[in-house]
Structure formats: structure tokens, C-alpha cells
Amino acid sequence: MTSLRIFFIGGLISFRALFNWLSPWIYVPSLLIAPVFQVLLFAYLGRSAGVGSDAFYLVGNAVQYAAIPCVFAMANTIAGERQTQTLGIVLATPAPRLPLFLGRRCPSSSTGGWSRCSPWSSAA
Amino acid sequence: MTRIPGVARMLTVTWWLQLKMLSASAFNGILQFVWPLFFATTAFLVYRQNGDPAALVYAGLGSAVMGLWSAIATTASGALQRERWHGTLELLVAAPTPFALVLVPITVAMTTIGVYSMGATLLWGWLLFGIVVPVASPVLFVLSLVVSVLAVAMFGFLLSVSVIRYRTAWALGNMLEYPGWLLCGFLVPVTLFPTWVTWISWALPPTWGMEAARQSSAGESPWLALALCVVLGLAYASVATLLSGAVLRSARRHATLALT
Amino acid sequence: MPVIEADDLGRSYVSTTGILRRRRKTVEAVRGVSFEVGEGELFGLLGPNGAGKTTTIKMLMTLLLPTSGHARVLGHDVVAEPREVRRNVGYVFGGDRGLYDRLNARDNLRYFSELYGVRPDRQRVRIDELLELVGLRGREDERVEGFSRGMRQRLHIARGLLHDPAVLFLDEPTIGIDPVGARELRTLIGDLKAAGKTVLLTTHYMFEADELCDRIAVIRSGTIVAEGTPAQLKDAVSDGHVLEVEAYGVHPDVVASVRRLAGVRSVSIEEDGQAQRLLVQVDQGVEVAPQVLGLLDGTTVGRVVTRQPSLEDAYVELVGTSANGQD
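Bear in mind that the values here come from a model prediction, so they are computed numbers and not experimental data. (Residues numbered from 1 in each chain as written. Chains lettered and ligands numbered in written order. Predicted model: local features only at pLDDT ≥ 70, side-chain atom pairs only at ≥ 80, totals over all residues.)

Engineer: Talk me through the overall build of chain B; I want residue IDs and the actual numbers.
Structural biologist: Scanning chain B from N- to C-terminus turns up twelve helices and zero strands. Moving toward the C terminus, one meets the helices and strands of chain B in the order α-α-α-α-α-α-α-α-α-α-α-α. Taken over the C-alpha atoms alone, chain B extends approximately 60 × 35 × 35 Å along its principal axes. Here chain B, with 260 residues, has 52% of them falling under the buried criterion. In chain B, the share of contacts with a sequence separation of at least 24, taken over all contacts with a separation of at least 6, comes to 82%. (Helix = DSSP H or I, 4+ residues; strand = E, 2+ residues; numbered from the N terminus. Buried ≥ 20, exposed ≤ 12 C-beta atoms within 10 Å, placed from the backbone. Contact = placed C-beta atoms within 7 Å.)

Dropping the structure here:
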């Protein structure tokens, strides 16, 4: 039960603590608009070179964009802890490590899933 | 201060010193010119599938100029924020020189950093993909690049002034990187786009700079493209100058010059 | 004609708080400030933090638009003719910022000399002169990021003097600097005045104002509460005396009670390690020592001294302090 609480509630709180700079002004350009243009860039590249189909590039870019937050999320949570100098404090708690660190990457990974939706909707 | 020679000297010296500052931190710069390199490589790989060597040359030259755009898109919006953080923004405003003339050398220096990226991309294309960009008229080619640098810098000038009130301006700037790569015809011919999109492309100075570079490399006459690039650059500079006056007055009224 | 004229200057800030229900809050940083500075004078604007000194100086420097009133520097209006003002004024402020860390000292000065229109043929000579003046000769090729705060401050002053301005605005130039460095800076400031420059200095160190300034204006909460030469300010409180009581653990209620005694002009407390010093400014001819000691009954009391007021006492009284000595 404790592990579940640490995973969900602890994860959400630490996400808010470490990523509080993520305002809509950053969110919208970086995670919603940029992927759309990246897809367009590759799709037109493909059309210009006559290589691959639009769908090919769409799927590829969507997966790539979903992957980016997942890759950076874990690294940034630890880096963020070091920057706020709370890493030692967190490690000194008796909380089980797996739910502790996996929980905090969950919200950031789900932003990846959300950003993946934007290229799909642009394709539509 | 004697008029034109004095102003020219002031612009050159301040440009040089700003460039010195930007170059001093090599590590920061690495990401700036490695990033377009990755995209260039992807483009080369795609075009190579095509089997047409001319297409590779097209991509090679285009991706080189991409670095200029990236340099300005990612850094110009943060230019004034960086000055504010140094505590020098107030000093720049307090100087008797018109603010536009203070800011232009800064954006030109930022774009000049993009020239490093340009060289790196051409080298990369040559070493790994065997792309050799033919330069039929070297003088015109260099002129096209210089004019492109200046025109992109004017766009950067406008960008830096437009976003001065927003603390997360760097994110807005980053958002422009891909659209610029797409719309300016670096990797993809502008003619592929729907008509209404090509109008947007034609309103961007780098599109004409890129066109001039391609034409001089192929031995055609780049003068029309160069002229349009210069005209657009001056237009952006004029708008930016007017905007900078308004923005500064607002900053003085609302006391936002010193805030970090 | 006075070199600097401030006429009923005012500056207010409107801030909005809250996201859904936005509330507007107006803060008046400066209210009705008026003073004049003559040629060659070293004028001090003395006041605690948050009094409005920096806001006033920024308005005179054309960096802030006043919300009311007028100001003129060398006859030019700060709102209508900002460029003329900027051409003839040097601006120096304290602290670590305001210089390009990645450039060396010489390049920093070169940059600003271009912006201030120093003639190219004069630049090298001028930069060398100024580096000599501020004592940074030999360090000019080092990057500013390695400079101590004292060195940065001196480089600031050199930067402010590049275009040989007639007027110099110094905003808390010795803040955060060690005593020896600060003394050297003050000597430098005194030399500037001797060279005929008009200087407006803001500070919250009253001994600095006392030492350097020809005239002082004491500013508190955005208004000028007193103006005059250091001697005149001391005279203003010289009738009466100061009762100084050393005590251990004075309760804030006691301070409030002392303040209510008849004849007491102001009360302040200074922390001195474990002990506190209760400073009571008393009107002429009134004796309050017995009552004060009575109120301090139960608290351990050390030395009790009655003395003449100093400029510090004048300042403390003018600026007005709360029970814990802070404004």
C-alpha cells in the first residue's frame, strides 16, 4: 500500500516540484507545435526525394516524440534533485527505491504520450 | 561622433566584442552546431535513397545554411534576457547610442556563430557522404552568404525585441527553428508547398538568401534574389527599430528593465 | 543654474496579484521628492533599504519614467530629452552585475566607450588613464569573471567616466565591499569631486554620507524627511540628549512603553552580540532615565550612558525605527 502511495502521490508531488518551470508558454511551443513541424519537415522531405510515404514519417516522428520525454524524464528528475540539493535527503528516507524513482517519471512520460497526439491530429 | 564612419566603426567593434563573448564558451556552442548536423545527416540519408547526385548537393548546401537559421532562432529571443541577467541591459539603454544600433551588432554576432555550423555541415557532408558543393561564382556565393547572415540577423533583431516581455522567450524562439528549416527552402523546395504557404516562405529573408546561394553555386544570376533578401532585411530592421522604441518606452514606464 | 533639479518627482508601481480575481495594488516608491544639486557639489541621498533612493536615481538617469513631477539634468528634461541627459551623465551602481564576465577589463571598457561615442583616437589613452585612476593597471587583460567585488566596482567607476561626463550618479557604490576597499573607493569619489564633477551619491551608510557629502537629503518611504549639510542635520537633533542603555533580552513591549514616555522622541534597539543597546532620544531638559530603568526592571541591565547626539542618531531619528531597529 505504501509503495502504491509513494508511486502515485509521491510521484505527482515530485513532478510538480521539479518541473514547476513547465509553464504553458514552454509546454505549447516545445511539446505541441514543434513536433507538428518536425513531422511536416520529414513528410515534405520524403515527398521531395520521392522516398517513403507520409504515413511512414508520421509514425516514426510520433514514436520519437513519445520517446524523448521518457528518455529525459528519468535523467532530469535526478538532475533536478541534485540542483535543489534534495537528492541526499530523498535517499536517506526509508522509502523503497523502485516506486520512489519510477513514480516520479510517470507524469513526465505521460506528457510524451500527450505530445504524441498532436502530430496524429495534425495528420487528420 | 562623426556620422557614417563613426557609426560603422561602432557597429563593427561592438559586433566583434559580442562575438568574442559568444565564442568564449565553446561548450555552449557545440549543441548549436551539432543539432542541425543530425538533421542534415537524416536528410542526406533520405536523399541518398533517391540516387540523384544533384539532390544530395541540394541538401548539402541547404543544410549548411540551416545552421544560420538555427543560430538565430534559438538564441535571438534570449538576447535581451541574457543582457538583463548580466545586469547590462540598463547600461545599454542608458547609453546615448540609439538602442537599435546597440542591439543589431548583438544579433549579427549571434548569426555569425552560425557560420561555424555552416562550415561544420559542409565538412561533414563532404567527409561522410562525398557531397561536394560546386561554386561556379565564388565571389557571388560569398556575397550571398554574407547577405544571408545580415538578413537573418535582422530577423533576429525583430525576434529579440518582440519577445522582451516574456521570461520564457527562449521556448518561443526554439519553436521557430523547425518552421524556419521547412519554410525557407533549406531541405525542401518551396514550390512543393501550397500557394498560401509559399507566400509566407517568400516573406522570410533566408528563403531569398538560400536561393541566391544556390544560384551563384550553379552559375546563374543571383541578383534578384539578393536584392529581395536585402529589401526584406531592411524591412524587418525598420519594423524592429520602431518596435524597440515602443518596447523601451513601455519598459521605462513599467520598470521592467532591471528585473531578472 | 542647478545641475540636477528634481521637482515633486513621484513614481508608483501597480502590481496585480492573483490569477482568477486580479487585484491591483499600487505602491508609491517615491512621492513628491524635490531637491537641487549645484555644480561641483557632492550630494548624498541617504536612506534605508526600500526608501526609494534607487528609484529616484533611475528616474534621473532616464531609465524610469516618473509617474508625476519633473526632473532636469544640465537643463535637459529627463522625459523629453533622454539622449542629451545620457550623453552627459555617468551611471555607476554597486554589486556584482553590470559587466561582461567573459570579456577582460579592457574589452569591457572598449565596448562601452563605443556606445558612449568616445572618439576612437582618444579611446586607448582614455582607457589607460582610467585604469590608472581606479588602480586596475596591470589587470586589464584578465577576464572580469575573476575579479573581486571591489575590483568590479572600480571597473564600474572607470566605465562611468569613459566619456568624461560632467555629472556622475553613484548608486550605493560601496555596498558589500570590505572596509579597506570601501575606504579606497571613497577616496576615489572624493577625488572625482575635487576634479569638478557633480556627483549624486545614494547610500545607506550615514558615516559615508557624513564623510563625503556637501549636502545630504534623508529619504524615507519615498519622501525626503530632511535636507542640509551634515552639520545642519546634526544640529537638528543637538537639542536634547541620547540615553544609551545596555541590556540583555529587552522585551518589545518594554520598548513600546518607553516610546510612550513624555519627552521621548524616538527609541531604537541595536543588537550587539548577546547584548542589546537601547537608544532613547530625549527632548531638551527632560529626564527619563529613572522611568526607563523602572520599565526595564527584571531585565539585566549593564552600562547606562547619557550623551550628545551624533549624526547617526540624527539619521536614526529622521528615518524612524521600529522596536527591532529595522525600518
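Engineer: Tell me what's going on with the overall build of chain C, and back it up with residues and numbers.
Structural biologist: On a plain count of helices and strands, chain C comes out with eleven helices and 14 strands. Reported as C-alpha extents along the three principal axes, the dimensions of chain C are approximately 75 × 50 × 50 Å. Looking at chain C as a whole, 44% of its 327 residues qualify as buried. If you take every contact in chain C between residues at least 6 apart in sequence, the share linking residues at least 24 apart comes to 71%.

Engineer: Explain the pairing of strand β3 (residues 42-46) of chain C residue by residue, including any values.
Structural biologist: All names here are of chain C. The element β3 is largely enclosed, with a buried count of five among its five residues. Covered by surrounding structure in β3 are Leu-42, Gly-44 and Leu-46 together with Phe-43 and Leu-45, the residues of both alternating faces. Relative to strand β9 (residues 215-220), β3 runs parallel, the two being bridged by four bridges. Across the sheet, Leu-45 pairs through a bridge with Ala-217, a residue of β9. (Pairing = 2+ DSSP bridges.)

Engineer: Help me get a handle on the interface of chain C and chain B, residues and values and all.
Structural biologist: Size of an interface, as often reported, equals the accessible area lost when the parts are brought together. On the side of chain B, 25 residues touch chain C, which itself brings 23 residues to the contact. Elements with a contribution of two residues or more to the side of chain C that touches chain B: α2 (82-88) and α3 (105-115) of chain C. For the side of chain C that touches chain B, the leading source of residues is α3 of chain C, giving five residues. Of the residues belonging to the side of chain C that touches chain B, the class tally is twelve nonpolar, three polar and eight charged. (Nonpolar A, V, L, I, M, F, W, Y, C, P; charged D, E, K, R; others polar.)

Engineer: Lay out the domain arrangement of chain C with the relevant residues and their values.
Structural biologist: Residue and element names in this part refer to chain C. Domain annotation of chain C identifies domain 1 (4-234) and domain 2 (237-319). Tallying the contact residues gives twelve residues for domain 1 and eight residues for domain 2. Elements represented by at least two residues in the side of domain 1 that touches domain 2 include exactly α7 (206-212), β9, β10 (223-228) and α8 (230-236). When residues of the side of domain 1 that touches domain 2 are assigned to their parent elements, the largest contribution, three residues, is made by α8. Grouping the amino acids of the side of domain 1 that touches domain 2 by side-chain chemistry returns eight nonpolar, one polar and three charged. (Domains from an automatic or database assignment.)

Engineer: Mind laying out the packing of helix α7 (residues 138-162) of chain B against helix α12 (residues 223-254) of chain B, listing which residues take part and the relevant values?
Structural biologist: All names here are of chain B. Their axes nearest at 8 Å, the elements α7 and α12 cross at an angle of 25°. One way to sum up the angle between α7 and α12 is to call them roughly parallel. For the pair α7 and α12, the sense of crossing is left-handed. The segment α7 lies against α12, with Ser-144, Val-147, Ser-148, Leu-150, Ala-151, Met-154, Phe-155, Phe-157, Leu-158, Val-161 and Ser-162 engaging Leu-226, Cys-229, Val-230, Leu-232, Gly-233, Tyr-236, Ala-237, Val-239, Ala-240, Leu-243, Ser-244 and Val-247. Taken together, the residues that form the contact of α7 with α12 break down as 18 nonpolar, five polar and no charged. (Axes fitted to C-alpha atoms, helices over the stretch in contact; angles between N-to-C directions. Parallel < 35°, antiparallel > 145°, perpendicular 65-115°, else oblique. Left-handed = near helix turned anticlockwise from the far one by under 90°.)

Engineer: Could you give me a rundown of α12 of chain B, with the residues and numbers involved?
Structural biologist: Residues and elements named next belong to chain B. Between its first and last C-alpha atoms α12 spans 46 Å; for 32 residues at 1.5 Å apiece the expected length is 46 Å, and the two agree. The set of residues buried in α12 consists of Ala-225, Leu-226, Cys-229, Leu-232, Gly-233, Tyr-236, Ala-237, Ala-240, Ser-244, Val-247, Ala-251 and Arg-252. Residues of α12 that are buried in the fold lie against α6 (99-129), α7 and α11 (205-218). Directly after α12, the chain includes Ala-255, whose backbone phi takes a positive value near 60°. (Expected span 1.5 Å × (residues − 1).)

Engineer: Just give me the short version of α3 of chain C, but keep the residues and values in it.
Structural biologist: With ten of eleven residues buried, α3 of chain C lies mostly within the body of the structure. Within the span of α3 of chain C, buried status applies to Ala-105, Asp-107, Asn-108, Leu-109, Arg-110, Tyr-111, Phe-112, Ser-113, Glu-114 and Leu-115 of chain C. Buried residues along α3 of chain C sit in contact with α1 (3-24) and α6 of chain B together with α4 (120-133) and α5 (149-161) of chain C. Looking one or two places after α3 of chain C, you find Gly-117 of chain C, whose phi comes out positive at around 70°.

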